[in-house]
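These are the residues of each chain, in order.
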Amino acid sequence: MSTQSVLPAGLTAAPTKSTVPPGNCQFGDDFVKVALVENTPISDTAYVARFSLPDGTKSLGLSTCACILAGVEIDGEMTVRPYTPISTNADIGTFDLLIRKYPDGKMSQFISGMNPSAEPVVAFKHIPFNIKIQYPFNKPKTVVMLAGGTGITPMIQALHAILGDEAGSIEKTQLIYGSRSKDDILGKEMLDNWSASHADKFSVTHVLSNEKGEASGDYRNGFIDSDMIKELAPPASAGKDVVFFVCGPPIMYDIFCGPRGEEEITGVLGELGYTKEQVIKF
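Residues numbered from 1 in each chain as written. Predicted model: local features only at pLDDT ≥ 70, side-chain atom pairs only at ≥ 80, totals over all residues. Heavy atoms only, no water.

**Q** Would you mind going over the packing of aromatic side chains with me for this structure?
**A** For any pair of aromatic rings, geometry is given as the distance between the ring centres together with the angle between the planes. A full pass over the atoms with the stated rule returns nine aromatic pairs. Arranged with centres 5.8 Å apart and planes meeting at 25 degrees, the rings of Phe51 and Phe95 form a pair that is stacked. Linking Phe51 in strand E3 (residues 46–52) with Phe95 in strand E6 (residues 94–100), this pair joins segments that are 44 residues apart in sequence. Taken as a pair, Phe51 and Phe95 share a single burial class, namely buried. When the centroid spacing of 5.1 Å and the interplanar angle of 85 degrees are considered together, the rings of Phe95 and Phe124 count as edge-to-face. With a gap of 29 residues between them, Phe95 in strand E6 and Phe124 in strand E7 (residues 122–125) connect regions that are remote in the sequence. As far as burial versus exposure is concerned, Phe95 and Phe124 are alike and both buried. The structure contains a cluster of three or more aromatic residues connected by ring pairs, namely Phe27, Phe51, Phe95 and Phe124. Sitting above the plane of the Tyr219 ring, Lys182 keeps its charged end 4.4 Å from the centroid. (Phe/Tyr/Trp six-rings, centres within 6.5 Å; stacked < 30°, edge-to-face > 60°. Helix = DSSP H or I, 4+ residues; strand = E, 2+ residues; numbered from the N terminus. Buried < 20%, exposed > 50% of the residue type's maximum accessible area, 1.4 Å probe, protein only. Lys NZ or Arg CZ within 6 Å of the ring centre and 35° of its normal.)

**Q** Explain the nonpolar core to me, please; I cannot follow it from the model alone.
**A** One broad trend across soluble globular proteins is that nonpolar side chains are buried collectively. Membership of the largest hydrophobic core comes to 60 residues, with the highest contact counts inside it found for Leu146, Ile152, Phe244, Phe245 and Leu269. Looking at which element gives the most residues to this core, the answer is helix H2 (residues 152–164), with eight residues. Setting aside residues up to four positions removed in sequence, Leu146 forms contacts with Met155, Ile176, Ile229, Phe244, Phe245, Val246, Cys247, Met252, Phe256 and Leu269. With 24 residues, the next largest nonpolar core counts Tyr47, Ala49, Leu62 and Met114 among its residues. (Core = buried A, V, L, I, M, F, W, Y, C linked by side-chain atoms within 4.5 Å. Contact = heavy atoms within 4.5 Å.)

**Q** What should I look at first to understand the pairing of E7 in this one?
**A** Consecutive side chains along a regular strand alternate between the two faces of the sheet. Because side chains alternate across E7, one face comprises the buried residues Val122 and Phe124, and the other comprises Ala123 and Lys125, equally buried. Pairing geometry for strand E1 (residues 32–34) and E7, over three bridges, is antiparallel. Bridge pairing in E7 places Lys33 opposite Ala123. Two strands pair when backbone bridges link them, and strand E4 (residues 68–74) and E7 are joined in this way by three bridges, in the antiparallel orientation. In the strand pairing of E7, Leu69 is matched with Lys125. (Pairing = 2+ DSSP bridges.)

**Q** Explain the sheet that holds strand E2 (residues 36–41) to me, please; I cannot follow it from the model alone.
**A** Backbone-to-backbone hydrogen bonds pair the strands of a sheet. The strands run either parallel or antiparallel. If you walk across this open sheet you meet the three strands as E2-E3-E6, and the pairing is antiparallel. Looking at strand neighbours, the two that pair on one side only are E2 and E6, the edges of this open sheet. Adjacent strand axes in the sheet meet at a mean angle of 20 degrees, parallel and antiparallel pairs treated alike. For E2 and E3, the ladder comprises five bridges, and the chain directions are antiparallel. Each bridged residue has a counterpart across the sheet, and for Asn39 the counterpart in E3 is Ala49. (Axes fitted to C-alpha atoms, helices over the stretch in contact; angles between N-to-C directions.)

Structure representation (structure tokens):
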């Protein structure tokens, strides 16, 4: 892995609560093109893209949690993908996206090949469907995050608010994060720093499917499973005091909570008795 010795600011920032209500995002129902300001590789397969904003004197104005849609014309067709920024509304004039470059990913390959330029190329918009559960997330005592791959980005967005709010009511956040190997963990340095600086409120368990050698400390080999959830999360009987956030590839939803578009909770979390009020599908 060829990682940058100096990580971009979006992956070194302290947790920052800078929340705004829905309806304040600079992007609206129509796509608006903006310029790529920086494009920073952080590994062989991931990078942080920093984009400008239509109004450079203001922040993005995105609520927590919510995503935006990126659109670009590739080979004569409009390609659209959802992204959750890892930057916060404390940043003025720009926003950061953490992107995994997939061999067959049209959007990720396109943006990774771009050079910073003043010319607006990639378009963004934000629609009501992009707005998810809002901080403080109905004020549970514990938030359990199940994330895989780039599903970490909405978790980073939520963690900024949770850990950056010194007077917040959320007592504990447990992140269970599935990756292929240690080198494959997106945002690892920042997550490690946050779990150290906020050890009383935030814990990370990395679950590695393809890592060689024996795992120790915050690392587990294999896959996230029912036994791990029972060990690390409050039971369903905790009621409104526990909420799960789930984000990752489609198979992750199938295994843990049921398809993203279905309200019913099935899979592992359903078998453990968690309800739709306790499980948020991102």
